[in-house]
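# Working through the structure, step by step
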Amino acid sequence: MCVTSFSEAEKQSRMTALLERLHAKHNASRPWQETCKVVRQAMEKRGAMNAAGHQLLLTCLETLQRALKGETQGLGSHLSPSGTECYITSDMFYVEVQLDTTGQLVDVKVAHQGENPTSCPELIQHLREKNFEEFSKHLKGLVGLYKLPGDNKLKTKMYIALQSLELDLTKMMHMFRLATNANTVETILHGSVGLLTARSGGHLVTLQCYVSPYDIFEEGTGTQLNLTDNNVPRSLGVSVSVTIEGTSAIYKLPIAPLITGSHPVDNKGTPSFSTVTNSNCVDLPACFFLKMNRPMPFSLSFIQRMGNATSIPVFETSPSLSPLYQLIVQSQLQLLEEGSSTPPPSHNMHFYSVLPDQQHCYFLNGDAPVQDGRSLQGALVSKIPFRHPGQVPVLLDIIRHQAAYNTLIGSCVKRTSIKEDSAGLLQFEVCPLTDSSFSVSFQHPVNESLVCVVMEVIDSRQVSCKLYKGLSDALICTDEFITKVVQRCMSIPVTMRAIRRKAETIQADTPALSLIAQTVEIMVKNNLPPSGSPTYNMAAGDGTNPMGCHLLTCCSCVKSSVAAERTCWNLKYSDSISLLTPSLFFSF
């Protein structure tokens, strides 16, 4: 019994002595190079490992690997023996950071499986500027590129499919420019794939497909941005990134470029695609996606149009629908609140716009019944699936169409706050008619009746406008005038201001109001409507016109005096959106 106790005590004593020696070695200052030398010597002298030791080593390595993945998204890091190269690695790619002997950055290269390392200017810039946050975002993007189902072999096939798509899309942009000689802004607005920015580091290929007139002016100064292919911010306007993601369904995706030849087949830059076969495509549990740079409101019918264009539903399950106008307002407010420290004023779908010599109040009546007694419904879309490069132009046109509609409605949404009883405050009601048209109702600038402008967004390039007024109302302006203003500024407040200024000009140029009354009386007797504007019977009291336009519900008691200023403002039209300036916006 005593022998056993002595033996245990001796073991404890030896263990304590060993720990003290280990602590002493740990606390001793030893150069890193010497530590590496000791480790290498130990590795060279290692002998055969028994099964228990081997299992213990595997357990330790697995624990380390799990910890590494939790902290660095599955990335590892290695330093070259010379200390001038650092490698950030994963199973599918690696990033190589090259330094000179003084520690200065020389190059940053990215290599995917099966590819040679290529220099990445963006990563070089971020490291030279010590912008480690942006550098880490690139690493996150690279890791996200391979968050795909299956083993490394299957992930490699999916990456090759994405590469093939990128090559086709790049060729499609060049073909469009070859056929049209389009500049940067024209390529964004009209290009078959918009303006393509190549994949760089962890940034995916970006297709910029829509900008409003206000997007191409510098905020604050109002000067026009000198946009070229090399200086267009990725976040400008509406853009989508191109990626591949795993899906529950199997899709046949190309693993080789599908465009044949190097010249378009028409004057619009349309390419010729080779037939999809088993030799150039493969079945994969994945699909291509256009990912919006920010979630965008789409009407239900537009969502269905995109699904019909690709034969793939935009949503795997039925989306939760909301009134489209509420979604547009929320999206626009979020955009306005970016970088703002002040909370937005309460709106209740009422918004105020302050323009030179005018103040407007807009009521967005998004709950008005449009079809089957329901309001116009929609949902936020973050990504759109597709499987062939030829489907991209159709999808971008639908995106542009919705973006143009959203831009017009969103132009009424401001953070401005004005007192309801402000003198001269002009009231307007915006009411949806269809998924691509709406009405703007307001008080006649000369008479005290109500008039209505119906705007139909035909596509992202065309907006048709018609003015509806009473038979006895004075002529305000022509439909052509309104259409040109809208297409030039894509702003409801600016257009409404232009209509009012034009009405004042017409009234100032008329010798007497009695002449208007006499003219209208003659036209009524002859049953002839005033030239330039369709009419509807304001006295009918049924609240509608032939276009189904709702009359103003919140502005019937508004009284506003005609401004005393009679200066004639000339309208100078421009066929190119790139020639717009903020001062011209307010010259109507």
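Here is what the cut-offs are and how they apply
Residues numbered from 1 in each chain as written. Predicted model: local features only at pLDDT ≥ 70, side-chain atom pairs only at ≥ 80, totals over all residues. Heavy atoms only, no water. Phe/Tyr/Trp six-rings, centres within 6.5 Å; stacked < 30°, edge-to-face > 60°. Helix = DSSP H or I, 4+ residues; strand = E, 2+ residues; numbered from the N terminus. Buried < 20%, exposed > 50% of the residue type's maximum accessible area, 1.4 Å probe, protein only. pLDDT = per-residue confidence, 0-100. Contact = heavy atoms within 4.5 Å. Pairing = 2+ DSSP bridges. Expected span 1.5 Å × (residues − 1). Salt bridge = Lys/Arg side-chain N within 4 Å of Asp/Glu carboxyl O. Axes fitted to C-alpha atoms, helices over the stretch in contact; angles between N-to-C directions. Parallel < 35°, antiparallel > 145°, perpendicular 65-115°, else oblique. Nonpolar A, V, L, I, M, F, W, Y, C, P; charged D, E, K, R; others polar.

### A closer look at the packing of aromatic side chains
Tallied over the full model, the rule gives 8 aromatic pairs. Ring geometry for Tyr-146 versus Tyr-159: centroids 5.7 Å apart, planes at 35 degrees, classification tilted. Here Tyr-146, found in the loop between helix 5 (132–145) and helix 6 (152–180), pairs with Tyr-159, found in helix 6; they are 13 residues apart in sequence, far enough to count as distant. Tyr-159 shares its class with Tyr-146; the two are buried. Between the aromatic rings of Tyr-405 and Phe-438, the centroid separation amounts to 5.7 Å while the plane-to-plane angle is 85 degrees, which identifies the pairing as edge-to-face. Remark: Phe-438 occurs in strand 17 (residues 437–443) and Tyr-405 occurs in helix 10 (residues 392–410); sequence separation between them is 33 residues. You'll find Tyr-405 and Phe-438 in the same group, each marked buried.

### Observations concerning the confidence of the model for the chain
For the chain, per-residue confidence averages 80 on the pLDDT scale, and residues scoring 70 or more make up 73% of the total. Taken together, the stretch residues 1–5 has pLDDT below 50 and engages in 0 contacts with residues farther than four places along the chain or on a different chain. Contacts of residues 63–71 to residues separated by more than four positions or lying in other chains number 5 contacts, the stretch itself having pLDDT below 50.

### What to know about the sheet that holds strand 3 (residues 93–99)
Strands belonging to one sheet form pairs held by backbone hydrogen bonds; the direction of such a pair is parallel or antiparallel. The antiparallel open sheet is built from 5 strands, whose spatial order is 1-2-3-4-5. One side of each edge strand has no neighbouring strand; the edge strands of this open sheet are strand 1 (76–79) and strand 5 (118–119). Two elements, strand 1 and strand 2 (residues 85–89), share 4 bridges in a ladder whose sense is antiparallel. Its bridge partner lying in strand 2, Leu-79 is registered against Cys-86.

### A short note on the pairing of strand 3
A regular strand carries its side chains on alternate faces of the sheet. Of all 7 residues in strand 3, 5 are buried; the element is thus mostly enclosed. Relative to strand 3, strand 2 is paired through 5 bridges, and the arrangement is antiparallel. Bridged to Tyr-87 within strand 3 is Glu-96. Joining the antiparallel neighbours strand 2 and strand 3 is a turn of 3 residues. Count of turn residues in the strand 3/strand 4 (residues 105–112) antiparallel hairpin: 5 residues, of which Gly-103 carries a positive phi of about 90 degrees.

### Overview of the pairing of strand 14 (residues 358–364)
The element strand 14 is extensively covered by neighbouring structure, given that 6 of its 7 residues are classed as buried. Relative to strand 14, strand 13 (residues 350–355) runs antiparallel, the two being bridged by 6 bridges. Bridging across to strand 14, Val-354 finds its partner in Gln-359. With 6 bridges connecting them, strand 14 and strand 16 (residues 425–434) associate as parallel partners. When the bridges of strand 16 are listed, Cys-361 appears paired with Gln-427.

### Comments concerning helix 9 (residues 324–337)
Along its 14 residues, helix 9 runs 20 Å from first to last C-alpha, staying within 8% of the 20 Å computed at 1.5 Å per residue. For helix 9, the set of buried residues is Leu-324, Tyr-325, Leu-327, Ile-328, Val-329 and Leu-333.

### Considerations on the pattern of salt bridges
If you walk through the whole model with that rule in mind, you get 12 salt bridges. A salt bridge links Arg-199 to Glu-166; the shortest N-O distance between them is 2.8 Å. Within this pair, whereas Arg-199 is found in the loop between strand 6 (195–197) and strand 7 (205–210), its partner Glu-166 is found in helix 6, the two being separated by 33 residues in sequence. Classification of Arg-199 as partly exposed rests on a relative accessible area of 22%. Assessed through its relative accessible area of 9%, Glu-166 is described here as buried.

### Points about the side chain of His-401
Position of His-401 among the secondary structure elements: in helix 10. Residue class for His-401 comes out buried when judged on its relative accessible area of 7%. If near-sequence neighbours (up to four positions away) are discounted, His-401 is found in contact with Phe-302, Arg-305, Ser-436, Val-457, Ile-458, Asp-459 and Ser-460.

### Let's talk about the packing of helix 9 against helix 10
Relative orientation of the contacting elements helix 9 and helix 10 amounts to 75 degrees, with a least axis distance of 10 Å. Compared by their axis directions, helix 9 and helix 10 come out roughly perpendicular. Each of Leu-324, Tyr-325, Ile-328 and Gln-332 in helix 9 lies in contact with helix 10, whose residues at this interface are Gln-402, Tyr-405, Asn-406, Ile-409 and Gly-410. Residue classes in the contact of helix 9 with helix 10 are distributed as 5 nonpolar, 4 polar and no charged.

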